[in-house]
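Summary of structural features
Listed below are the residues making up each chain.
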Amino acid sequence: MITKSLIITVVLLSLPLGIAAAGETNLVCRSCCMAELPATRFTDKSLYQVQSAWTTDGQKEINLGALAGRPQIVLMFFSRCTTACPVLVNDLRKIESALPAETRQKIGFTLVSFDSEHDTAPVLAEYRKEWNLPGNWTLLTGAADDVRELAALLGIQYKETAGGQFAHSNVITLLNAEGEIVFQQGGLDQDIGPMVQRIEQQLK
Amino acid sequence: MMKLPAPWNLVFVLTLLFSATDFSRAVTNGEIPGMVLIPAGVYRPLFKSKSEPAKIAVKSFYLDIEPVSNRDYLEFVRTNPRWRRSHVARIFADESYLKNWADDLDPGRDAPADAPVVNVSWFAAKAYAQWKHKRLPVIAEWEIAANASATNPDGEKDPQFKAEVLKWYSESGATEFLPLGRGEKNFYGVRDLHGLIWEWVADFNSAILSGDSRDGGVDAKFFCGGGAQSAQNVDDYPAFMRFAFRGSLKADYCIHNLGFRCAKDL
Amino acid sequence: MKTNLFAKPGIAVCLLAMAWITRAADVPAIVGEENAILTDAPNVPSPITRTYATKVIVHLEVKEVTKQLADGVEYTFWTFGGNVPGKFIRIRQGDEVEFHLANSPDSKMPHNIDLHAVSGPGGGTAASFTAPGHESQFTFRALNAGLYVYHCATAPVGMHIANGMYGLILVQPTNGLPPVDKEFYVMQGEFYTAGKFGDPGLQPFDMDKAIDERPPYVVFNGAVGALSGSNALTARVGEKIRFFIGNGGPNLVSSFHVIGNIFDTVYQDGGTTPIHDVQTTLIPAGGAAIAEFSPKVPGDYAFVDHSIFRAFNKGASGALKVSGEANLAIFSGKQSDTIFKGDASANSVAAKTIEPAKAAVAASAKNFSADAKPTSSSGMESGKSVYMRTCFICHQQNGQGVPNQIPPLAGSDFLVNNKDEVIRIVIQGRQGEVTVNGKTYNGVMIPQGNLNDEQIANVLTYVRNSWGNHADAVTAAEVSGARKTVATTTTANNFE
């Protein structure tokens, strides 16, 4: 009898503790426990208000807010994609090379993977090498839930299909230094003129 | 998954072994107040394509018996000020957020405590679920639960049930809601999946409207022709309507007849 | 602003495609801008008189509304602008159209629009896909002149159209259409209600009937009687009249015909090449036609889907009332009526038929007892409702019938004196000669199988106590009793 009640008490205690412990293992806080934080330093329309945690290909844990301070060209992709994503990454490179050298240094490129399971930090590091991506390109992997949320913010639709592939909309997004969406370009291998023009406007 | 420190883990395991009291049985049987267990099942997606299986296996999960009510949601905004109507960041919820509430902490007459909360964005629904240590169901889960009639887990075989479901969709979009808890429970013990409100799902944005990367060109599933050609069951009009409704949404939209319920892993 | 920022990829692609067309095709420069004036059927916006292309801004709001489909029958319509059919849009070839599609905050469904006048993917469907409480905007160039259908194409597209989501957009040719005196907007569509034709109350959509293409209702402008009775279209003798006719479907093809008129000109399929001297023009589902004619003599002209059971039993009829001077040189009216029995001796037979009938009138006038009063006024009301749904198409609004074709109910000796027989006629129909007020008619009345005992009792009580008639009430019990004798007779006949 006594043993049983003891166990019950212990269980009662263990549940909240277990959850607290789980929270602590995440270095970056998640939205569920952000309730009491003061208003964020980002604007009302900034994507950087999200609290999700991401890992760079360099194994660094960051919030999206870490991307603030310079315009970012954001693409959601996955490394095993053999069709649209290579074209889109190439579109990003075309945009980059269309910009004057000094402008290039004032902006960032961010690739975020749809494929939380496969695209781990080391896989993304390999991808960087393969594509020879420069230092102002950030490659991010995160939890499936957070990927879904970011896609929702960017208005991107996607779903996992057979064989570790993803069907997804092809969208390149320009965020200003505050993390607000300034411009979106849809489709593959589009005229990069309007995007380049918008980027230059941001740096004026 | 929860990460438990080693000693607590041990106790947890012991509890499982000595599950003699009501409480411990509740833990082992996985009974969670307000939720029911939906057994593992198979979901046949409305649309099939070369790259997609015609059947998706869905693991067993818990689902809220009823949609989240204004009363539940009030508790959420009380403890989470950033989700109060006047505090919410515009990027997470459009101007219609909780527009039927009287004030930040007062649902008021147009949002009775027992009625389902509506005019909430996907971000808000997701935050609520996380706060409850739950999550939003995915389409496959929601559809499996919603396919059950009162007597049959496969409502497809019940013409009466299908007609009842369709009836709601063909009625005009009245904004007054009956209190929760009155609808008939379905085979699994879940109610109000039909006939009350639309519900958010975690992967509402998984329908590819256009610019699909691999299926080639514009995906016209929502519209003429395309819809019928690739659909597995062209008679399932309610499924088409839910598919179209989800496809019309963006995560910040708050709509007068769109609410949600939560799910949870075992 | 927000819409632009979150522009779907489809929109971006669409705009780019349009830009290319602008460069490639020889389209006129845009001068200025204006807001389109939209009208509800049967009205049509005034002809466009400007001689240049402009930017036309169209605001259209989708509303889900519950309205009357027939007398006593309600339906939840999904509409472009609050009515079925949707608002008439009139633009000029070469115009740039900035289209705003709003979906009412009270809507249950997302909606979109596919304009057949658009050259571009889906006719605008993806670009206009809109959740409740939102508004989408896209732009197109009206490259081709003609009369085009627009409709909602959100899945399940059949149901969105079946609920009334269609209308017409006229792209007026650069040199305009020839001037006419009157223009009308008429659009056919069928409705798939769970109940039968005339079943009262709010009727839900019936998917099985829609799939089987078995509509209880086929109507013009969204309701039985939307264009008849006090809603009839009017014109004067000699006026040039232009009908813009569309067919929303969703399933049926229309054989559009104006009884007693010949179309001088038809722009078949809503195109730009006129053909002349047409009796009936075929309008496909999702298609349109422009038909012009000029009534020569006064009278009531019914227009119908000449798949004729739809006109008589499902609602597909409307009326054009033409006033003015008669012209006997064109149409004389009836000049004589003689009995034809195949040989000249028939006249004496006719005389026999008429004389006893007159005697019967006199006899019954004496026998009519004043204490047999009609039933409650609600019975009369509901009888009237049944009449206006079912009977008036033949027997006319005020029971006057059609000379030489359909016997009058107004002031009718037959109706008042033959209670049992008229009950039987409504139940089982009647074929062959009947003498009413001394005139002999030889037609067919079809059995009214969709009416129940009470409805028959009410409608007979109504007609027997309207338009100068006075008679005792017919009860549901009497109808029920008559049904039994009808059934027995029929069975007996089968064995003979």
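Residues numbered from 1 in each chain as written. Chains lettered and ligands numbered in written order. Predicted model: local features only at pLDDT ≥ 70, side-chain atom pairs only at ≥ 80, totals over all residues.

1. A word on the overall build of chain A
Rules: Going along the chain from the N terminus, every DSSP run of H or I of four or more residues is numbered as a helix, and every run of E of two or more is numbered as a strand. Three exposure classes are used. Buried residues have 20 or more other C-beta atoms within 10 Å of their own C-beta, exposed residues have 12 or fewer, and partly exposed residues fall in between, all C-beta atoms being placed from the backbone. A residue pair is marked as a contact if its C-beta atoms, positioned from the backbone, fall within 7 Å.
Each helix and strand counted, chain A has six helices and nine strands in total. With 204 residues in all, chain A has 40% of them scored as buried. Long-range pairs, those at least 24 residues apart, make up 65% of the contacts in chain A between residues at least 6 apart in sequence.

2. Digging into the overall build of chain B
For chain B, the helix and strand inventory stands at eight helices and seven strands. Across the 266 residues of chain B, 49% fall into the buried class. For chain B, long-range pairs separated by at least 24 residues make up 72% of all intrachain contacts whose partners lie at least 6 apart in sequence.

3. Some thoughts on helix 9 (residues 419-428) of chain C
One full turn of an α-helix is made of 3.6 residues, so residues set three or four places apart face in the same direction. All names here are of chain C. So the rule is basically this: This arc is built from the directions going out from the helix axis to the C-beta atoms.
Looking at helix 9, one finds that the buried residues are Val 422, Ile 423 and Val 426. The buried residues of helix 9 occupy an angular sector of 105° when the element is viewed end-on, so they sit on one face. Positive phi appears at Gly 429, one or two residues downstream of helix 9, with a value of about 80°.

4. Thoughts on the nonpolar core
Residue and element names in this part refer to chain C. Heads up, the rule is: What we call a nonpolar core is a set of buried Ala, Val, Leu, Ile, Met, Phe, Trp, Tyr and Cys residues whose membership is set by joining through C-beta atoms within 7 Å.
Grouped together as the largest cluster of nonpolar side chains are 211 residues, with contacts concentrated most on Tyr 148, Leu 168, Ile 169 and Ile 245. Setting aside its immediate chain neighbours within four residues, Tyr 148 contacts Leu 115, His 116, Ala 117, Leu 168, Ile 169, Val 171, Gly 270 and Ala 288. By size, the runner-up hydrophobic cluster in this structure holds 23 residues, among which are Cys 391, Leu 451, Ile 456 and Val 459.

5. Remarks on the packing of helix 6 (residues 159-169) of chain B against helix 8 (residues 237-247) of chain B
Each pair of packed helices can be summarised by the angle the axes make with each other and by the distance between the axes. Residues and elements named next belong to chain B. Selection rule: Comment: axis = line fitted to C-alpha atoms, over the contacting stretch for helices; angle = value between 0 and 180 degrees taken between N-to-C directions. Under this scheme an angle from 65 to 115 degrees is roughly perpendicular, one under 35 degrees roughly parallel, and one over 145 degrees roughly antiparallel; angles in between are oblique. By definition, turning the near helix anticlockwise from the far helix through less than a right angle yields a left-handed crossing, and turning it clockwise yields a right-handed one. All residues other than Ala, Val, Leu, Ile, Met, Phe, Trp, Tyr, Cys, Pro, Asp, Glu, Lys and Arg, Gly among them, are scored as polar; the first ten of these are nonpolar and the last four charged.
Relative orientation of the contacting elements helix 6 and helix 8 amounts to 40°, with a least axis distance of 9 Å. Overall, the two elements helix 6 and helix 8 adopt an arrangement that is oblique. With respect to the hand of their crossing, helix 6 and helix 8 are arranged in left-handed fashion. Contacts from Val 165, Leu 166 and Tyr 169 of helix 6 reach helix 8 at Tyr 237, Pro 238 and Met 241. Split into classes, the residues belonging to the contact of helix 6 with helix 8 amount to six nonpolar, no polar and no charged.

6. Section: the sheet that holds strand 4 (residues 61-64) of chain B
To keep it simple, the criterion reads: Two strands pair if DSSP finds at least two bridges between them.
The strand order across the open sheet built from three strands is 1-4-7 (chain B), with neighbouring strands paired in antiparallel fashion. Sheet topology places strand 1 (35-38) and strand 7 (263-264) of chain B at the edges, where each strand pairs with a single neighbour.

7. Notes on unusual backbone geometry
Omega for the bond connecting Val 84 of chain C with Pro 85 of chain C falls within 30 degrees of zero, at -5°, which places this linkage in the cis form. Following the sequence through the fold, Pro 85 of chain C ends up in the loop between strand 3 (73-80) and strand 4 (89-92). The amide bond that connects Ala 155 of chain C to the next residue, Pro 156 of chain C, takes the cis arrangement and shows omega of -10°. Following the sequence through the fold, Pro 156 of chain C ends up in the loop between strand 8 (146-151) and helix 3 (157-162). Of note, the phi angle at His 133 of chain B is positive, near 60°, even though the residue is not glycine. Inspection of the secondary structure puts His 133 of chain B in the loop between helix 4 (122-131) and helix 5 (139-146).

8. As for the pairing of strand 3 of chain C
Residues and elements named next belong to chain C. Within strand 3, seven of the eight residues are buried, which leaves it mostly tucked inside the rest of the structure. Sheet topology places strand 2 (residues 53-70) next to strand 3; eight bridges connect them, and they run antiparallel. For Val 62, the partnering residue across the bridge sits in strand 3 and is Phe 80. Adjacent in sequence and paired antiparallel, strand 2 and strand 3 are bridged by two residues, among which Gly 72 carries a positive phi angle near 80°. By the bridge criterion, three bridges tie strand 3 to strand 11 (residues 201-203) in an arrangement that is parallel. By the bridge assignment, Glu 74 is partnered in strand 11 with Leu 202.

9. Focus: the environment of Gly 247 of chain B
With respect to the element layout, Gly 247 of chain B can be found in helix 8. In this structure, the C-alpha to C-alpha distance between Gly 247 of chain B and Ser 206 of chain B, residues 41 residues apart in sequence, is 8.3 Å.

10. Focus on helix 3 (residues 70-79) of chain B
Residue and element names in this part refer to chain B. Residues Asn 70, Tyr 73, Phe 76 and Val 77 constitute the buried set of helix 3. Looking down the long axis of helix 3, one finds its buried residues gathered within 115° of arc, a one-sided arrangement. Facing away from the buried surface of helix 3 by more than 90 degrees, the exposed residues are Arg 78 and Thr 79. Contacts made by the buried residues of helix 3 are with helix 4.

11. Describing the sheet that holds strand 10 (residues 182-191) of chain C
Two pairing modes exist for strands in a sheet, parallel and antiparallel, and in both the strands are linked by backbone hydrogen bonds. All names here are of chain C. Taken in spatial order, the six strands make up an open sheet running 12-10-14-19-16-17, and their pairing is mixed. On the outer flanks of this sheet lie strand 12 (217-220) and strand 17 (274-278), each paired with one strand and no other. The mean angle between the axes of side-by-side strands here comes to 25°, regardless of whether they run parallel or antiparallel. Relative to strand 19 (residues 287-293), strand 14 (residues 241-249) is paired through seven bridges, and the arrangement is antiparallel. Residue pairing across strands places Phe 244 opposite Ile 290, the latter belonging to strand 19.

12. Section: the confidence of the model for chain A
Our working rule: You can read pLDDT as the predictor saying how much it trusts each residue, on a scale of 0 to 100.
Here chain A averages 82 in pLDDT, while 80% of its residues score no lower than 70. Between residues 1-39 of chain A, whose pLDDT stays under 50, and residues either more than four places distant or in other chains, the model counts 51 contacts.

13. Some words on the environment of Pro 122 of chain A
Along the chain, Pro 122 of chain A turns up in helix 4 (residues 121-131). C-alpha of Pro 122 of chain A to C-alpha of Gly 58 of chain A: the two residues are 64 residues apart in sequence and 7.9 Å apart in space.

14. Looking at the pairing of strand 7 (residues 165-168) of chain A
Residue and element names in this part refer to chain A. Where burial is concerned, the two faces of strand 7 agree: the one with Gln 165 and Ala 167 and the one with Phe 166 and His 168 are both buried. Inspection of the sheet shows strand 6 (residues 158-161) paired to strand 7 by four bridges, in the antiparallel sense. Bridge pairing links Thr 161 to Gln 165 in strand 7. The turn joining strand 6 and strand 7, which pair antiparallel and follow one another in sequence, is formed by three residues; a positive phi near 70° is taken by Gly 163.

15. Let's talk about the confidence of the model for chain B
Where the model shows low pLDDT, its predicted coordinates should not be examined in detail. Residue and element names in this part refer to chain B. Of all residues in chain B, 73% have pLDDT values of 70 or greater, and the mean over the chain is 79. Note on residues 1-28: pLDDT under 50 across the span, and 40 contacts to partners over four residues away in sequence or across chains. This model gives residues 209-229 a pLDDT under 50, and the stretch forms 62 contacts once residues within four places in sequence are excluded. Reported confidence for the predicted complex is 0.76 by ipTM and 0.71 by pTM.

16. Quick word on the environment of Glu 239 of chain C
Structurally, Glu 239 of chain C is set in the loop between strand 13 (233-236) and strand 14. Filtering out sequence-adjacent residues up to four positions away, Glu 239 of chain C remains in contact with Asp 181, Lys 182 and Ser 294 of chain C.

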